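Structural characterization, general
This is what each chain is made of:
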Amino acid sequence: MKKLITLISALLLGLVAMGQTTVTAPSQNLKLQLKSAAVVGGDVELTFLVSNSSQNETVINLVGGIYQTGMAGSVAYDNEGNVYELSDILVSVGNKSYTDQYSAGSFPSNVPVKCHLLVKGIAKEARSLTKVKVCLLAPELNVASAGACFEINNVSFR
């Protein structure tokens, strides 16, 4: 009986671990901590903290869904296979208004800055975002290439 309970516990822990939210960063000098994911009307708002762990204050541009040629825009994928990009993705740094293009801010060394990403028109049957790519430019941190993105995986919102 103890073996059965141990086996069931191990399986449940494995399932929980597979569904956990994970984050990868485009640079060792940047960190992202997801604070919340909430349904707001028919949209989903992600709130997160971005920290610059370099020695110097730097300007970081979050890129919304609309982007210039050659630059990746932020994008989200839900658990139902829907893709949200272009004008469906808005970003905001600090207290700035949402934009589908660029939102920039000065990020002091080792001071987290609150940021937001809004996924507009989320499908009613969707329960989670399987992947969110929050793209950015931070030339002072050598993050200037197309496709530099934080990746947030497995974000539940319902």
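Keep in mind the model is a prediction, meaning the values are calculated, not measured. (Residues numbered from 1 in each chain as written. Predicted model: local features only at pLDDT ≥ 70, side-chain atom pairs only at ≥ 80, totals over all residues. Heavy atoms only, no water.)

**Structural notes on the overall build of the protein**
Secondary structure summary: the protein contains 1 helix and 11 strands in total. Here the protein holds 158 residues, and 38% of them are scored as buried. Considering only contacts within the protein whose residues lie at least 6 apart along the sequence, 66% involve residues at least 24 apart. Entry remark: accessible area of the protein is about 8,600 Å², with carbon and sulfur atoms responsible for 53%. (Helix = DSSP H or I, 4+ residues; strand = E, 2+ residues; numbered from the N terminus. Buried < 20%, exposed > 50% of the residue type's maximum accessible area, 1.4 Å probe, protein only. Contact = heavy atoms within 4.5 Å. Areas by Shrake-Rupley, 256 points an atom, 1.4 Å probe, with all protein chains shown as cover.)

**With respect to the nonpolar core**
Grouped together as the largest cluster of nonpolar side chains are 33 residues, with contacts concentrated most on Phe48, Leu117 and Leu129. Looking at this core, the elements that each hand over two or more residues are β2 (30-40), β3 (43-52), β4 (58-63), β7 (89-93), β9 (113-119), β10 (128-137) and β11 (149-156). Excluding its chain neighbours within four sequence positions, the residues that come into contact with Leu129 are Val44, Leu46, Ala76, Tyr77, Asp78, Val119, Ile122, Asn153, Asn154, Val155 and Phe157. Residues Val63, Met71, Leu137 and Cys149 belong to the second largest nonpolar core, which totals 5 residues. (Core = buried A, V, L, I, M, F, W, Y, C linked by side-chain atoms within 4.5 Å.)

**Comments concerning the side chain of Asn153**
As for its position among the elements, Asn153 is in strand β11. In this structure the side chain of Asn153 is engaged in a polar contact, spanning 3.0 Å, whose partner is the side chain of Lys131. When near neighbours in sequence (up to four residues on either side) are disregarded, Asn153 contacts Gln20, Thr21, Thr22, Leu129, Thr130 and Lys131. (Polar contact = N/O pair within 3.5 Å; in protein donor to acceptor, adjacent residues only side chain to side chain.)

**A short note on the confidence of the model for the protein**
Here the protein shows a mean pLDDT of 86. Residues at 70 or above account for 84%. Note on residues 3-18: pLDDT is under 50 here. Beyond four places in sequence and across chains, it has 1 contact. (pLDDT = per-residue confidence, 0-100.)

**Regarding the pattern of salt bridges**
Evaluated as defined, the whole model comprises 1 salt bridge. Glu151 serves as the salt-bridge partner of Lys131, at 2.9 Å between the closest nitrogen and oxygen. Here Glu151 lies in strand β11 and Lys131 lies in strand β10, a separation of 20 residues in the sequence. Residue class for Lys131 comes out partly exposed when judged on its relative accessible area of 26%. (Salt bridge = Lys/Arg side-chain N within 4 Å of Asp/Glu carboxyl O.)

**With respect to the environment of Ser74**
Following the sequence through the fold, Ser74 ends up in the loop between β4 and β5 (75-78). For Ser74, a relative accessible area of 1% translates into the label buried. In sequence terms Ser74 and Asp88 are 14 residues apart; their C-alpha atoms lie 9.6 Å from each other. Excluding residues that lie within four positions of it along the chain, Ser74 makes contacts with Val63, Gly64, Gly65, Glu85, Ile89, Leu117, Lys133, Val134 and Cys135. Side-chain polar atoms of Ser74 contact the backbone oxygen of Lys133, separated by 3.5 Å.

**Some thoughts on the side chain of Thr47**
Mapped onto the elements of the fold, Thr47 is located in strand β3. Classification of Thr47 as buried rests on a relative accessible area of 10%. Setting aside its immediate chain neighbours within four residues, Thr47 contacts Leu34, Lys35, Ser36, Lys114, Cys115 and His116.

**Some words on the pairing of β4**
Within a regular beta strand, the side chains point alternately toward one face of the sheet and then the other, so they alternate between its two faces. Counting buried positions over the 6 residues of β4 gives 5, a clear majority of the element. Pairing between β4 and strand β8 (residues 102-107): 6 bridges, direction antiparallel. Each bridged residue has a counterpart across the sheet, and for Asn61 the counterpart in β8 is Ala104. Here β4 pairs with β10 via 3 bridges, running antiparallel. Paired with Asn61 across the strands is Leu137, a residue of β10. (Pairing = 2+ DSSP bridges.)

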